[in-house]
Amino acid sequence: MKKFILKRLLMAVMILFFVSFIIYALMRCMPMDFVTALAQKKAQSGAGKSVSEWIAQLNAVYGLDKGLLQGYGSWIAKAVTGDFGESWKYTIPVTEKFGSVIWYSFVLNIICFVLEMAIAIPLGILAARKQYSRTDYTITTFALMGISLPSFFFATVLKLIFCVKLGWFDLFGVVSKYHETMTPFMKVLDMAHHYILPVITLTIVSIGSLMRYTRTNMLEVLNSDYIRTARAKGLSEKVVINKHAFRNTLIPIITLVGGMLPGLFSGAMITETLFGIPGIGYVSYQAMVEGDIPFTMFYMLFLAMLTLLGTLLSDILYAVVDPRVRVH
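On a predicted model such as this, the values are computed, not experimentally measured, just so you know.

So, the nonpolar core
Right, so step 1: Core analysis: the largest hydrophobic core is formed by 30 residues, its most contacted members being Trp75, Phe84, Trp88, Ile280 and Met297.
Right, so step 2: Among the elements of the structure, α1 (2–28), α2 (33–44), α3 (51–61), α4 (68–79), α5 (94–129), α13 (280–289) and α14 (293–321) are those that each provide at least two residues to this core.
Right, so step 3: Looking at which element gives the most residues to this core, the answer is α14, with eight residues.
Right, so step 4: In this structure, Ala120, Ala143, Ala230 and Met260 belong to the second largest nonpolar core, which totals 22 residues.

So, a nonpolar patch on the surface
Right, so step 1: A surface patch of nonpolar side chains, amounting to about 670 Å² of accessible area, comprises Leu160, Ile161, Val164, Leu166, Trp168, Leu171 and Phe172.
Right, so step 2: The residue Val164 is located in helix α7 (residues 151–165) in this model.

Considering the packing of α7 against helix α8 (residues 184–222)
The angle between the axes and the distance between the axes are what describe a pair of packed helices.
Right, so step 1: Here α7 crosses α8 at 145 degrees, and the two axes come no closer than 10 Å. Both α7 and α8 take part in a crossing whose hand is right-handed. Contacts between α7 and α8 involve Ser151, Phe154, Ala155, Leu158, Phe162 and Cys163 from the former and Leu197, Ile200, Thr201, Ile204 and Val205 from the latter.
Right, so step 2: When the residues that make up the contact of α7 with α8 are grouped by side-chain class, the tally is nine nonpolar, two polar and no charged.

Quick look at the environment of Gly208
Right, so step 1: Within the secondary structure, Gly208 is located in helix α8.
Right, so step 2: Of the residues examined, Gly208 reaches a relative accessible area of 0% and is grouped as buried.
Right, so step 3: Each C-alpha atom, one on Gly208 and one on Leu144, is 6.1 Å from the other, the two residues being 64 residues apart in sequence.

Description of the side chain of Thr296
Right, so step 1: Among the secondary structure elements, Thr296 is positioned in helix α14.
Right, so step 2: Judged by its relative accessible area of 5%, Thr296 falls in the buried class.
Right, so step 3: The residues contacting Thr296, other than those within four sequence positions of it, are Met27, Ala287 and Met288.

Things to note about the packing of aromatic side chains
Right, so step 1: Considering all chains together, one arrives at 15 aromatic pairs under this definition.
Right, so step 2: Arranged with centres 4.7 Å apart and planes meeting at 70 degrees, the rings of Phe84 and Phe298 form a pair that is edge-to-face. With a gap of 214 residues between them, Phe84 in the loop between α4 and α5 and Phe298 in helix α14 connect regions that are remote in the sequence. Per residue, the accessibility class of Phe84 equals that of Phe298, and both read buried.
Right, so step 3: Grouping aromatic residues by their ring pairs yields a cluster made of Phe17, Phe18, Phe21, Tyr24, Tyr72, Trp75, Phe84, Phe98, Phe298 and Phe302.
Right, so step 4: Positioned above the aromatic ring of Tyr90, the side-chain terminus of Lys97 is 4.5 Å from the ring centre.
Right, so step 5: One residue, Lys159, lies across the ring of Phe275, its end atom 5.7 Å from the ring centre.

Observations regarding the pattern of salt bridges
Right, so step 1: Scanning the entire structure with this criterion turns up three salt bridges.
Right, so step 2: With a shortest N-O distance of 2.8 Å, Asp136 and Arg215 are connected by a salt bridge. Here the residue Asp136 occupies a position in helix α6 (residues 134–148), and Arg215 occupies one in helix α8, the gap between them amounting to 79 residues. Judged on exposure class, the residue Asp136 and its partner Arg215 are both buried.
Right, so step 3: Close ionic contact of Glu180 with Lys187 constitutes a salt bridge, the shortest N to O distance being 3.9 Å.
Right, so step 4: Given the relative accessible area of 66%, Glu180 is considered exposed.

Describing unusual backbone geometry
Right, so step 1: Phi at Tyr132 is positive, roughly 65 degrees, even though this residue is not glycine.
Right, so step 2: For Tyr132, the position within the fold is in the loop between α5 and α6.

Cut-offs applied
- Residues numbered from 1 in each chain as written.
- Predicted model: local features only at pLDDT ≥ 70, side-chain atom pairs only at ≥ 80, totals over all residues.
- Heavy atoms only, no water.
- Core = buried A, V, L, I, M, F, W, Y, C linked by side-chain atoms within 4.5 Å.
- Buried < 20%, exposed > 50% of the residue type's maximum accessible area, 1.4 Å probe, protein only.
- Helix = DSSP H or I, 4+ residues; strand = E, 2+ residues; numbered from the N terminus.
- Patch = residues over 30% accessible without salt bridge, like charges linked within 9 Å, V, L, I, M, F, W, Y side chains within 5 Å.
- Areas by Shrake-Rupley, 256 points an atom, 1.4 Å probe, with all protein chains shown as cover.
- Salt bridge = Lys/Arg side-chain N within 4 Å of Asp/Glu carboxyl O.
- Axes fitted to C-alpha atoms, helices over the stretch in contact; angles between N-to-C directions.
- Left-handed = near helix turned anticlockwise from the far one by under 90°.
- Contact = heavy atoms within 4.5 Å.
- Nonpolar A, V, L, I, M, F, W, Y, C, P; charged D, E, K, R; others polar.
- Phe/Tyr/Trp six-rings, centres within 6.5 Å; stacked < 30°, edge-to-face > 60°.
- Lys NZ or Arg CZ within 6 Å of the ring centre and 35° of its normal.

Now the structure itself:
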C-alpha cells in the first residue's frame, strides 16, 4: 500500500506540473485589456506612477513580459515557495484572500455532502429493493426532478417564497445586521439560519445523480449469482442487503464520491452568488470577471490538486471496501 501511494503521489506531481503549465498558458491568452484597465485605475489613484509603469510592473508579476516558457519558469519558481502574488482585484496576497473565504464554502459544501450521502444512498438502495413499485417510481421521479432543476431557478423560487413572500430569511448574506451584538451561541445560530436555503438548494439539485447511480448499481448487484445463492441458503433479506449487496454497491459509488472532493472547496458559484455568500466560488467568479490573473491561476491550480487527491483517495478506498482489489 505504501509503495502504491508513493507511486501515485509521484504521478500526481507530474500531472500537476503539466496542468499548471496549461493553466499558465491559458492565462497568457487572456486579453491584456484587463492589465491596461487596472494600470489606469492605479495611476488615477495617485500612487505616483504612470500608466506605462504600472503596466510594466503588473506584467512582471507573472512574467507576462517574457516568453511563455521563461514566464512559466519564473511563476512556478515562486509558486513552489507559496508565493502566488497579490490579487489584482482584492489588493492583498492571493493566499490571504483565499484563506479568508474558503471556510464559507467548506461549511456550506460539507453540510450538503453529508446530507447528500445520507439521503441519496439509502433512497437509491430502497428504490432498487422495491423495483417497479410505487416507492421506486416516487424516488425516481424525485431524483429526476433534482437532476433537471437548474440551481439558479430553484434558488430563485426558494428566495421568492421564503424571503419575499413569507419573510422568513434574508435575501443575501450569511449574517444579519444585528450579528455583532449577539452572543457567540446566537451568532452560530444566525449563520446557520442564513445557510438553510443555500443548503436546501445544493442538496436537492445534487442528490438526483447519486440516487440514480446507487439504484442502478444496487440492481446489478441484486441480480448477481452470489446474491441468489445467499438467499437460497436461507439468509434474511436484511443480511443479504446489508452484508453482501451493500458492500459491493459501494465500489462504483466510491468513484463518484471521490470526484466530489473538489466541490467541497471550489464552492457552488451560482448558489453563492445568488445568496450573497462570500465563499470561494463567488470570490473566484468576481476575480475572473475582472481579469484577476493571479487569483484565477491559484484557484484553478487548487482545484486541480483536489481533483488528483480525490482520485488517489478513490483508489485507496477500493482496496478498503473490496478485499479482492489489490494495489501494487
